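# Remarks on the overall topology
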Number of protein chains: 2
Amino acid sequence: MRIGIFGYGNLARGVEAAISHAPDAELVAIFTRRDPEGVKSISGAPVVSAKDVLDYKGRIDVMIICGGSATDLPVMTPTLAESFSVVDSFDTHAKVDEHFKNTDQKASTGGNLALISTGWDPGLFSIARLYASSVLPSGEDYTFWGRGVSQGHSDAIRRIEGVLDARQYTVPVPEAIDAVRAGETPTLTTREKHRRECYVVAKEGEDLARIEREIKEMPNYFADYDTTVTFISMEELKRDHGGIPHGGSVIRNGTTGVKNEHSHTVEFRLRLDSNPEFTGSVLLAYARAVDRMAKRGRVGAITVFDVAPADLSPLSLEELRHRML
Amino acid sequence: MRIGIFGYGNLARGVEAAISHAPDAELVAIFTRRDPEGVKSISGAPVVSAKDVLDYKGRIDVMIICGGSATDLPVMTPTLAESFSVVDSFDTHAKVDEHFKNTDQKASTGGNLALISTGWDPGLFSIARLYASSVLPSGEDYTFWGRGVSQGHSDAIRRIEGVLDARQYTVPVPEAIDAVRAGETPTLTTREKHRRECYVVAKEGEDLARIEREIKEMPNYFADYDTTVTFISMEELKRDHGGIPHGGSVIRNGTTGVKNEHSHTVEFRLRLDSNPEFTGSVLLAYARAVDRMAKRGRVGAITVFDVAPADLSPLSLEELRHRML
């Protein structure tokens, strides 16, 4: 399959690395809104101006769109879906319906297939929730994130006056995850599920108590959590917090039996050294499915829920039955 | 959907219990090879002689076949697939190809859809292996079973002269599962992955040392494992070993990055109080998918790999996107 990558940040480089290991994928071009002269791809794939993307119509089977969910994807995905089959990682949950509808309309008009909102959450975690709730309809779901770096929360800290750089880790509360793993079905507040660890580099001479207070009181981001703030030097940040790890667990505790007399726990867990590389790898697997489904005539918008697992693998159905059933 | 259950043992009762909680399933009849007069269903559903099953053609959307993999399913599934869309839990891995082929032929002839080999392994564990290997193509897979009761191994002990009853637990070796969970990719022998715990009730006056030796030396079943044998009374067996728990983990450790510089762990884990009830619940979810796919015109044999997750849920695609994406 012939792949295009639209956008060229961390996630795009993750997709590019995944393509370099895939037996059935060729990277045709990377599209950037920057001056392509100044951008060098890791793999040596051509870097092209985003303005020229329509020249590639018919030469790319699936475009993997690597933009941000806030402002990029709501425009990019529907627009590109008119000319290409596409995959994106849109993750603003409250706006999924609108994004799905806009993308579905444009993809249908163009006769293309568009899969939105894949990655690991939304993505693999969504599927885990669906499988678990389908086989255990009476039960409770829990999603824990971390320990891992939240880019959004790190950015929020960086916007505070006097902050040079910051890294925020989301951490599941051990007592909560242990209780759920043991089969309990507690009602947990936001604060009881996760805590937030912040490592902050401040400008010299700043009022650290003021910065700490501004972080801890920030609505939506930190106010509802137990938050710790640790001031460190730029050297420490670079040395100890250079990675982008993440992960988490989807856990469902449910019952079976006529009188719900037996209980069961289903858990899907990820531990990721590199969030963007793993996400990129998931996007490529879904690009494979989109390529196949589009060639079978499917058009419009879909999500991970619509994709049969077999379509994610380069192996044939017969090989899959042999090796994995 | 109108469901039939063919066979009426532990697994069938698990399916029956699952149907009692499903908003969209009706149990039309249970088919038994025994005298139906002597069989009473838990739910009050009619119990019918297996000989009369063809009278129900057109009155059942999906037949869930609850027979043994050794001799029942190789005959039952292809035969029934000629007249009904069916689901089975065939788990003899070495004969999956043959079973798939036979079932595919008969189902295609009859214009029906037949999903073979679902449950949790094969079934949910197979899907976990497929998702994990598709998103982490460079890596190693591990499947650990237990702690749980193996019916096959318990039966093997019961066939030994002087044994009244027995229960065998398959137990993952803690050092092995801990190492894999920590991201290591060891090469493990059979003995290094699992051990076997046997609880045995012997006839009075039997040579216990002889029974223990016969268990531990039994080829395929026990000889390749560290096996412990504990003799207990019938009361103890009934009191402490009456349940049918099981579970296990599929774990994949894989790498991403151009130079495979980042590592990741994906784990899918089950802890089941009742193996037959959970398996029955999985069979019902796949019956739902078979019903939908058959109504969309799909015929022949398929496996869990061919089923899009959305088809397992009673919820609409829109509700799924709202609640689970």
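Now for a look at the structure at hand. Numbers given to residues run from 1 along each chain, matching the order in which its sequence is written. Following the order in which they are written, the chains are lettered starting with A and the ligands numbered starting with 1. Only residues with pLDDT of at least 70 are given local features in this predicted model, and only at 80 or more are side-chain atom pairs given and counted; all residues enter the totals for whole chains, interfaces and linings. Note that water and hydrogens are dropped before the side-chain values are worked out from all heavy atoms of the structure.

## What about the overall build of chain A?
Where we set the bar: Secondary structure follows DSSP: runs of H or I at least 4 residues long count as helices, runs of E at least 2 residues long count as strands, and numbering of each begins at the N terminus. The rule is simple: take the accessible area with a 1.4 Å probe, protein chains only, and divide by the maximum for that residue type; under 20% is buried, over 50% is exposed, in between is partly exposed. In this description, contact between two residues means that some pair of their heavy atoms is separated by no more than 4.5 Å. For every accessible area listed, the method is Shrake-Rupley and the probe measures 1.4 Å; residues are considered covered only by the protein chains on display. Asp and Glu are treated as the negative residues and Lys and Arg as the positive ones, with His and the ends of the chain left uncounted. Charged side chains are reduced to one point each, which is NZ for Lys, CZ for Arg, CG for Asp and CD for Glu.
Summing up its helical and strand segments, chain A has 11 helices and 14 strands in all. Viewed in the frame of its principal axes, chain A has a C-alpha envelope of about 65 × 55 × 35 Å. With 325 residues in all, chain A has 58% of them scored as buried. Long-range pairs, those at least 24 residues apart, make up 68% of the contacts in chain A between residues at least 6 apart in sequence. Of the roughly 13,600 Å² of accessible surface on chain A, a fraction of 48% belongs to carbon and sulfur atoms. Charged side chains in chain A number 38 positive and 46 negative. The centres of these two groups are separated by 3 Å.

## Considerations on the pairing of strand 4 (residues 62-65) of chain A
Note on strand geometry: in a regular strand, side chains alternate between the two faces of the sheet. All names here are of chain A. Note the cut-off: Pairs of strands are assigned from DSSP output, requiring at least two bridges between the strands.
Judged by which residues are buried, strand 4 turns out to be covered on both faces: Val62 and Ile64 on one side and Met63 and Ile65 on the other are all buried. Note: strand 1 (residues 2-6) against strand 4, four bridges, orientation parallel. Across the sheet, the residue bridging to isoleucine 5 is isoleucine 64, located in strand 4. Pairing geometry for strand 4 and strand 5 (residues 85-87), over three bridges, is parallel.

## Regarding helix 1 (residues 10-21) of chain B
Residues lying three or four places apart along an α-helix face the same way, a consequence of the helix completing one turn every 3.6 residues. So the rule is basically this: In a helix, the anticipated span is given by 1.5 Å times the number of residues less one.
Taking 1.5 Å of rise per residue, the 12 residues of helix 1 of chain B would be expected to cover 16 Å, and the 17 Å separating its terminal C-alpha atoms lies within 8% of that figure. Residues of helix 1 of chain B that are buried in the fold lie against strand 1 (2-6), strand 2 (26-32), strand 4 (62-65) and helix 10 (275-295) of chain B.

## What to know about the pattern of salt bridges
Two side chains carrying opposite charge are able to pair once their charged atoms lie near each other. Stated formally: Every case where a carboxyl oxygen of Asp or Glu lies within 4 Å of a side-chain nitrogen of Lys or Arg is listed as a salt bridge.
Summed over the entire model, instances satisfying the criterion amount to 48 salt bridges over all chains. Note that arginine 2 of chain A is salt-bridged to aspartate 61 of chain A, the shortest N-O span being 3.0 Å. Here arginine 2 of chain A is found in strand 1, whereas its partner aspartate 61 of chain A is found in the loop between strand 3 (47-49) and strand 4, with 59 residues between them in sequence. The exposure class assigned to arginine 2 of chain A is partly exposed, which follows from its relative accessible area of 31%. One salt bridge in this structure joins arginine 239 of chain B and aspartate 240 of chain B, with 2.9 Å as the shortest N-O distance. Among the ionic contacts, a cluster of salt bridges with common partners joins Arg2, Asp61, Asp291 and Lys295 of chain A.

## Let's talk about the relation of the copies chain A and chain B
Definition in use: Least-squares superposition aligns the copies on the C-alpha atoms of those residues with pLDDT at or above 70 in both.
When chain A is fitted onto chain B, the two copies agree to an RMSD of 0.0 Å after a turn of 180° and an axial shift of 0.0 Å. Here the transformation between the copies is reduced to the relation of a two-fold axis. In terms of proximity to the rotation axis, the leading residue of chain A is alanine 308 of chain A, whose C-alpha is 1.9 Å off the axis.

## Notes on the side chain of serine 249 of chain A
All names here are of chain A. For clarity, the threshold we go by: Between N or O atoms, a polar contact is any pair within 3.5 Å; within protein, one atom must be a potential hydrogen donor and the other a potential acceptor, and residues adjacent in sequence are included only when both atoms are from side chains.
Along the chain, serine 249 falls in strand 12 (residues 246-256). For serine 249, the side chain forms a polar contact with the side chain of arginine 181, separated by 3.4 Å. There is a polar contact of 2.6 Å between the side chain of serine 249 and the side chain of glutamate 267. Each residue touching serine 249, except ones within four places of it in the same chain, is listed here: Phe125, Tyr142, Thr143, Phe144, Ile177, Arg181, Glu267, Phe268 and Arg269.

## What to know about the interface of chain A and chain B
Stated formally: Accessible-area loss on putting two parts together, using a 1.4 Å probe and summing over both, is the definition of buried area adopted here. Three residue categories are used. Nonpolar comprises Ala, Val, Leu, Ile, Met, Phe, Trp, Tyr, Cys and Pro, charged comprises Asp, Glu, Lys and Arg, and polar comprises the others, including Gly.
On the chain B side, the residues contacting the 64 residues of chain A number 64 residues. Regarding the contact of chain A and chain B, the summed buried area is about 6,000 Å², with carbon and sulfur atoms giving 61% of it. Inspection of the region where chain A meets chain B yields zero salt bridges. At the junction of chain A with chain B, the criterion picks out 31 residue pairs in polar contact (both at pLDDT 80 or more). Secondary-structure elements contributing two or more residues to the side of chain A that touches chain B are helix 1 (10-21), helix 3 (96-110), helix 4 (124-135), strand 13 (262-272), helix 10 (275-295) and helix 11 (317-324) of chain A. For the side of chain A that touches chain B, the element with the highest residue contribution is strand 13 of chain A, accounting for 11 residues. Partitioned by chemical class, the residues of the side of chain A that touches chain B number 32 nonpolar, 20 polar and 12 charged.

## With respect to the packing of aromatic side chains
Residue and element names in this part refer to chain A. Our working definition: When the centres of two rings from Phe, Tyr and Trp lie within 6.5 Å, Trp using its six-membered ring, the rings pair. Their planes under 30 degrees apart give stacked, over 60 give edge-to-face, and anything left gives tilted.
With the rule as written, the count across this model stands at 11 aromatic pairs over all chains. Taken together, a centroid distance of 5.3 Å and an interplanar angle of 80° make the contact between tryptophan 120 and phenylalanine 125 edge-to-face. Ring geometry for tyrosine 169 and tyrosine 199: centres 5.8 Å apart, planes at 80°, overall edge-to-face. Here the residue tyrosine 169 occupies a position in strand 9 (residues 163-172), and tyrosine 199 occupies one in strand 10 (residues 194-202), the gap between them amounting to 30 residues. Across the pair, exposure class does not vary: tyrosine 169 and tyrosine 199 are buried alike. Taken together through their ring pairs, the aromatic side chains of Phe6, Phe31 and Tyr56 make up a single cluster.

## Here's the deal with the sheet that holds strand 13 (residues 262-272) of chain B
In plain terms, the rule: Axes here refer to lines fitted to C-alpha atoms; in helices the fit is confined to the stretch in contact. Angles between the N-to-C directions go from 0 to 180 degrees.
Taken in spatial order, the six strands of this open sheet run 7(A)-12(A)-13(A)-13(B)-12(B)-7(B), and their pairing is antiparallel. Strands with a single pairing partner mark the edges of an open sheet, and in this sheet they are strand 7 (139-145) of chain A together with strand 7 (139-145) of chain B. Each strand of the sheet is rotated relative to its neighbour by a mean of 5°, with strand direction disregarded. Here 11 bridges tie strand 12 of chain A to strand 13 of chain A, and the two strands are oriented antiparallel to one another. Pairing of isoleucine 251 of chain A across the sheet is with glutamate 267 of chain A, part of strand 13 of chain A. Along the sheet face, helix 4 of chain A touches strand 7, strand 12 and strand 13 of chain A and points at about 10° away from the line of strand 12 of chain A. Across the sheet, helix 6 (residues 174-181) of chain A touches strand 7, strand 12 and strand 13 of chain A together with strand 13 of chain B, and the angle it forms with strand 12 of chain A is around 35°.

## A word on the layout of surface pockets
As a reminder, the rule being used: Think of a 1 Å grid over just the protein atoms. A cavity is a set of points where a 1.4 Å probe fits yet cannot get out, a pocket is an open set with protein on both sides within 12 Å along at least five of seven lines, and lining residues have an atom within 4 Å of a point. Grid points are joined across faces, edges and corners, and a volume is the space filled by probe spheres set on the points. An automatic or database domain assignment provides the domain bounds reported here.
The volume enclosed by the second largest pocket comes to roughly 1,600 Å³. Every residue lining the second largest pocket is counted, 42 residues in all, and those nearest its centre are Asp91, Asp121, Gln151, Gly152 and Asn275 of chain B. Secondary-structure elements contributing two or more residues to the lining of the second largest pocket are helix 11 of chain A together with helix 1, helix 5 (151-158), strand 10 (194-202) and helix 10 of chain B. Tallying contributions element by element places helix 5 of chain B first for the lining of the second largest pocket, with four residues. Counted by class, the lining of the second largest pocket contains 15 nonpolar, 19 polar and eight charged residues. Shared between two domains, the lining of the second largest pocket holds at least three residues of each, these being domain 1 (2-121 + 276-319) and domain 2 (139-259) of chain B.

## Details of the nonpolar core
This is how the line gets drawn: By nonpolar core is meant a set of buried Ala, Val, Leu, Ile, Met, Phe, Trp, Tyr and Cys residues that side-chain atoms within 4.5 Å join together.
Counting residues in each nonpolar core, the largest one holds 162 residues, and the members touching the most others are Met63 and Phe278 of chain A together with Met63 and Phe278 of chain B. If we skip the residues at most four places from it in the chain, phenylalanine 278 of chain B touches Val135, Leu136, His264 and Val266 of chain A together with Trp120, Leu124, Leu270 and Leu272 of chain B.

## Brief notes about unusual backbone geometry
Residues and elements named next belong to chain A. The omega torsion across glycine 146 and arginine 147 is 0°, close enough to zero to call that bond cis. Tracing the chain through its elements places arginine 147 in the loop between strand 7 and strand 8 (148-149). In this model, asparagine 220 sits at a positive phi of 65°, which is unusual for a non-glycine residue. Inspection of the secondary structure puts asparagine 220 in the loop between helix 8 (208-216) and strand 11 (226-231).

## Some details on the packing of helix 2 (residues 73-81) of chain A against helix 3 of chain A
What describes two packed helices is the angle between their axes and the distance between those same axes. Residue and element names in this part refer to chain A. Threshold: An angle below 35 degrees is treated as roughly parallel, one above 145 as roughly antiparallel, one from 65 to 115 as roughly perpendicular, and anything else as oblique. Put simply, a crossing is left-handed when the front helix is turned counterclockwise from the back one by less than a right angle, and right-handed when it is turned clockwise.
Contact geometry of helix 2 with helix 3 gives a least axis separation of 7 Å together with a crossing angle of 20°. By the angle class used here, helix 2 and helix 3 are roughly parallel. In this structure, helix 2 crosses over helix 3, and the sense of that crossing is right-handed. Of the residues in helix 3, those in contact with Leu73, Pro74, Thr77, Pro78 and Ala81 of helix 2 are His99, Asn102, Thr103, Lys106 and Ala107. Along the lines of polarity and charge, the residues of the contact of helix 2 with helix 3 split into five nonpolar, four polar and one charged.

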